[in-house]
Amino acid sequence: MDYNGEDYRFLKIKDAILSINQKVSFVGVILEVGSPKQSKGTDSFCTIKVTDESHTKDGISVNIFAESMEKLPYIVSVGDIILLSHVVMKAHNKQAYALFNKKFSSFALYDGKGGEDFLPYQVSSRFFVRDQDKRIIAAVRKWLLNFQFKEDSKKFLLLREIKDGQRINMACKVFHICEVAKGEWMAFVWDGTDAPPAQISKKLEDEMDHELPLQVEPLPLSRDILCSFPAVGSILRVIIDKGIEKHILHLLKIGKWVKLQNVLCQVDAGLWFGVLTHFTRLRYVPTNDNLIVERQRSYDERLSWEHSRMPYWCFPWTSEVTDIDYSEDGPFVTLKDVLTHSQDQADLRGSNGKNSCFCVCRRWGETFWRLSLCRCIEKKDKQIAWSGRK
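Note that the structure is a prediction, hence the values are computed from the model and not measured.

## So, the overall build of the protein
Phase 1 of the analysis: For the protein, the count of helices and strands is seven helices and 18 strands.
Phase 2 of the analysis: The proportion of buried residues among the 390 residues of the protein is 46%.
Phase 3 of the analysis: Restricting to contacts in the protein with at least 6 residues of sequence separation, those with at least 24 account for 70%.
Phase 4 of the analysis: When the accessible surface of the protein is split by element, carbon and sulfur atoms take 51% of a total near 20800 Å².

Shown next as structure tokens:
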């Protein structure tokens, strides 16, 4: 990108960070976005992180203040382009950042890679569109076509590595989003690995009156939705805190991978779930992102294993309390395979052609007065090996 000549007023980010306590203007691609907050005074503010071809290592933070939430940037998609005019460069702990002052700074938001027009979809009150802006935006979009953000994969944990009460960064694919109660939203995400078994502190004898829940959400999802989830790998329920849903929901795309930073992981009644809070941030995921390609490759390799449907925590083999009858041949399957399987499918049949399989599960509870599931499984002639309750 060349900002020389008539575009001299727009600096590259590597030059802007050297202009501490000065007003500068620059254009950047939005790398990170979080939820706006109320300041200690009367203003609303948000923090975004932007980058350009001159400063791709970590990007630079921009703190934006406005009179109200409505006047803050409403970013349609992480990876869009922001043009910032007359922001003041500051430094904190030897890190440079840009400060947007509502009295004299201005911004404009443009569609990122794939954008076809040069009209901003949002501008601040002090912004004026200039003809030279088109050339700058076109140059940024051209650079974006092959941009790959170099990111340490170790900073993003897999679901199999999560711990109760831990705040983590995670790269995952969104499979479903729904309103589980009035004003309460939940996303269902996956990364191809299995969450570890969680401790259950409840006493077995209490379950007659207070049965353990089978899902975090108040009502179970429909079978059609469950069938759309992968049969291998845990589906993590992610609760979206009230008050941030209007700033987060539109950034989560069903069927797309997303990078989430600062997600709170918790366990309740033995069930894992995540929480998106005011401190959670969404990270830009370019096409063919190296981390996402690595995640997908690991999942594809898992499917090629002979026992690909065995949970990670079963390796090298199942618990000693698990009793498996090998008198009949059959494939290993997940409980999801069993519960969403129809009689006309042949993928659960053994080499002898019979509809039999092995499914290693974790026993969740015992309610002898509810035998409908047991009878259903018995009718389908499924062999189930139950692992002991932790």
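## Brief notes about the environment of Ser298
Phase 1 of the analysis: Tracing the backbone through its elements, the reader meets Ser298 in helix α5 (residues 290-303).
Phase 2 of the analysis: Judged by relative accessible area, which is 38%, Ser298 ranks as partly exposed.
Phase 3 of the analysis: For Ser298 and Gly192, which are 106 residues apart along the polypeptide, the C-alpha to C-alpha distance reads 7.9 Å.

## Observations concerning the nonpolar core
Phase 1 of the analysis: Ranked by size, the top nonpolar core spans 67 residues in total, and within it Phe26, Val50, Met170, Leu252, Leu260, Leu276 and Leu282 carry the most contacts.
Phase 2 of the analysis: Of all the elements, strand β2 (residues 23-34) adds the most residues to this core, at seven residues.
Phase 3 of the analysis: With residues near it in sequence (within four places) discarded, Leu282 still touches Leu31, Glu32, Val33, Val78, Ile248, Leu251, Leu252, Val258, Lys259 and Leu260.
Phase 4 of the analysis: If you look at the next biggest cluster of nonpolar residues, it comprises 15 residues, including Phe156, Leu221, Leu291 and Ile292.

## Quick word on the layout of surface pockets
Phase 1 of the analysis: Within this model, the second largest pocket holds a volume of roughly 640 Å³.
Phase 2 of the analysis: Lining the second largest pocket we find 27 residues, and of these Ser77, Val78, Trp257, Tyr284 and Val285 sit closest to its centre.
Phase 3 of the analysis: Looking at the lining of the second largest pocket, the elements with two or more residues in it are β13 (257-268), β15 (281-283) and α5.
Phase 4 of the analysis: Residues belonging to the lining of the second largest pocket are distributed by class as follows: 13 nonpolar, seven polar and seven charged.

What counts as what
- Residues numbered from 1 in each chain as written.
- Predicted model: local features only at pLDDT ≥ 70, side-chain atom pairs only at ≥ 80, totals over all residues.
- Heavy atoms only, no water.
- Helix = DSSP H or I, 4+ residues; strand = E, 2+ residues; numbered from the N terminus.
- Buried < 20%, exposed > 50% of the residue type's maximum accessible area, 1.4 Å probe, protein only.
- Contact = heavy atoms within 4.5 Å.
- Areas by Shrake-Rupley, 256 points an atom, 1.4 Å probe, with all protein chains shown as cover.
- Core = buried A, V, L, I, M, F, W, Y, C linked by side-chain atoms within 4.5 Å.
- 1 Å grid on protein atoms, 1.4 Å probe; cavity = no way out; pocket = protein on both sides within 12 Å on 5 of 7 lines; lining within 4 Å.
- Points joined across faces, edges and corners; volume = space filled by probe spheres on them.
- Nonpolar A, V, L, I, M, F, W, Y, C, P; charged D, E, K, R; others polar.

Functional significance is not addressed by these values, which are geometric in nature.
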